[in-house]
Amino acid sequence: MKQYLHLTRSKLMALFTAMVLSIGLSSCYVDTGWMPQPPGGWYDTFYDSRLNGYWQLQAINGAYVSRYDVNYLYFGGAGRGRYYYYDRGQAFWENTAYWCQDSTNPSTRYQINLQYETTGQPTTMNYWFEDGGYTLCMQWFSGAGYQTYVYRAINYAPW
C-alpha cells in the first residue's frame, strides 16, 4: 500500500508540475514589434463592440464563396483581432488591428480601417449590419468597382 501511495503522489506531482508549466508557457506574450497606428486623418476613432467575435465570409459581390475561398475575421475588442484564411488549401492566420469612425457615406454610417500584420497594408471600408446584427457587410471601392463582402457571425474560432 505504501508503494502504491508513493507512485500516486509522484504522478500527482508530475501532473501538477506539467499543469503549472503549461499555464506559464501558454500565457507568455511574444512581442512582434508590430505597433500599428490609425491612418492619418483618423482622429475620432472608436472600437465598435458590435464587431466583437468571429465572422465567416459568406459571399463576395452576391456570389457565395467556396470552401477554400472562405476567410474569417475575429474582432477581439480594443482594436486587435485576427484574420484566418486559406492559401493553397493550407489554413493560416495573422494578427490584425482595426479602428472605426463615422463614415462620410450616410447610407452606411460607419467605416473601419483594418490593418494586417504580415502585409502592413491598411484597408478602409464602409460597414453595416443586417439580420439583427448577425450579418456584417463590408464595402469599398477598387479599380474593379464596388466590392461587397458579407460575413455571418459564428460562435467559434475556425482553427
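Everything below is about the structure shown above.
Rules used throughout
Residues take numbers from 1 onward in each chain, read along the sequence in its written order. Residues qualify for local features only when their pLDDT is at least 70, as the model is predicted, and side-chain atom pairs are given and counted only at 80 or more; totals for whole chains, interfaces and linings, by contrast, use all residues. Side-chain calculation: all heavy atoms of the structure are included, whereas hydrogens and water are not. Secondary structure elements are defined from DSSP: runs of H or I of at least 4 residues count as helices, runs of E of at least 2 residues count as strands, and each element is numbered from the N terminus. A simple rule labels every residue: compare its accessible area, found with a 1.4 Å probe on the protein chains alone, to the largest value its type can have, and call it buried under 20%, exposed over 50%, or partly exposed in between. It only takes one pair of heavy atoms within 4.5 Å for two residues to be counted as in contact. Under the convention used here, a 1.4 Å probe and the Shrake-Rupley method define accessible areas, while residue burial counts only the protein chains that appear. Any pair of N or O atoms that falls within 3.5 Å is considered a polar contact. Within protein, one atom must be able to donate a hydrogen and the other to accept it, and sequence-neighbouring residues count only if both atoms are side-chain atoms. Buried Ala, Val, Leu, Ile, Met, Phe, Trp, Tyr and Cys residues that are joined via side-chain atoms within 4.5 Å together make up what is termed a nonpolar core. Stacked, tilted and edge-to-face are the three classes applied to pairs of Phe, Tyr and Trp rings, where Trp contributes its six-membered ring and a pair requires centres within 6.5 Å; stacked means planes under 30 degrees apart, edge-to-face means over 60, and tilted covers the rest. As a reminder, the over-ring test applies to NZ of lysine and CZ of arginine, requiring each to be within 6 Å of the ring centre and within 35 degrees of the ring normal. In short, DSSP must find at least two bridges between two strands for them to pair. Salt bridges are defined by distance alone: a side-chain nitrogen of Lys or Arg within 4 Å of a carboxyl oxygen of Asp or Glu.

### A word on the overall build of the protein chain
Secondary structure assignment for the protein chain yields 1 helix and 9 strands. The N-to-C order of helical and strand elements in the protein chain reads α-β-β-β-β-β-β-β-β-β. Expressed as a percentage of the 159 residues in the protein chain, the buried residues total 32%. When contacts within the protein chain are restricted to residue pairs at least 6 apart in sequence, those whose partners lie at least 24 apart make up 41%. Split by element, the accessible area of the protein chain, about 10,600 Å² in all, is 55% carbon and sulfur.

### Some details on the side chain of glutamine 139
For glutamine 139, the position within the fold is in strand 8 (residues 135-142). Take glutamine 139: its relative accessible area is 18%, and that puts it in the buried class. At 2.8 Å, the side chain of glutamine 139 and the side chain of threonine 148 are in polar contact. What glutamine 139 contacts, discounting residues up to four positions off in sequence, is Met125, Asn126, Trp128, Tyr146, Gln147 and Thr148.

### Quick look at the nonpolar core
With 23 residues, the main nonpolar core has Phe75, Ile112, Tyr127, Leu136 and Met138 as its most contacted residues. Of all the elements in the fold, those that place two or more residues in this core are strand 1 (53-60), strand 3 (72-75), strand 4 (80-87), strand 5 (90-102), strand 6 (110-116), strand 7 (122-130), strand 8 and strand 9 (145-154). Here the element with the most residues in this core is strand 6; it accounts for 4 residues. Residue contacts for methionine 138: discarding those within four places in its chain leaves Leu73, Phe75, Ile112, Met125, Asn126, Tyr127, Gln147, Thr148, Tyr149 and Tyr151.

### Details of the packing of aromatic side chains
The final tally for this structure, using the stated rule, is 17 aromatic pairs. Seen from their ring centres, tyrosine 47 and tyrosine 98 are 6.0 Å apart, and the 80° between their planes marks the pair as edge-to-face. Here tyrosine 47 is found in the loop between helix 1 (2-26) and strand 1, whereas its partner tyrosine 98 is found in strand 5, with 51 residues between them in sequence. For tyrosine 47, a relative accessible area of 41% translates into the label partly exposed. Residue classification places tyrosine 98 among the buried positions, given a relative accessible area of 0%. By way of ring pairs, the aromatic residues Tyr54, Tyr68, Tyr72, Tyr74, Tyr84, Tyr86 and Trp159 are connected into one cluster. Across from the ring centre of tryptophan 93, 3.4 Å away, lies the NZ or CZ of arginine 82, which sits over that ring.

### As for the pairing of strand 3
Examined bridge by bridge, strand 1 and strand 3 share 4 bridges and lie antiparallel to one another. Each bridged residue has a counterpart across the sheet, and for glycine 53 the counterpart in strand 3 is phenylalanine 75. Inspection of the sheet shows strand 3 paired to strand 4 by 4 bridges, in the antiparallel sense. Among the inter-strand pairings, tyrosine 74 is bridged to a residue of strand 4, identified as arginine 82. Remark: 4 residues form the turn of the hairpin made by strand 3 and strand 4, two consecutive strands paired antiparallel; glycine 77 in that turn has positive phi of roughly 90°.

### Overview of the environment of glutamate 117
Summarising the element assignment, glutamate 117 is placed in the loop between strand 6 and strand 7. Along the backbone, glutamate 117 and tryptophan 34 are 83 residues apart, and their C-alpha atoms lie at a distance of 7.0 Å. Side chain to side chain, glutamate 117 and asparagine 95 meet in a polar contact 2.9 Å long.

### A few points about the pattern of salt bridges
Considering all chains together, one arrives at 2 salt bridges under this definition. Where arginine 50 meets aspartate 48, a salt bridge forms, and the shortest distance between an N and an O atom there is 2.7 Å. When its relative accessible area of 6% is taken as the criterion, aspartate 48 is described as buried. The closest approach of N and O atoms between aspartate 131 and arginine 152, which form a salt bridge, is 3.5 Å. Taken together, the residues aspartate 131 in the loop between strand 7 and strand 8 and arginine 152 in strand 9 connect sequence positions 21 residues apart. The exposed category is assigned to aspartate 131, whose relative accessible area is 52%.

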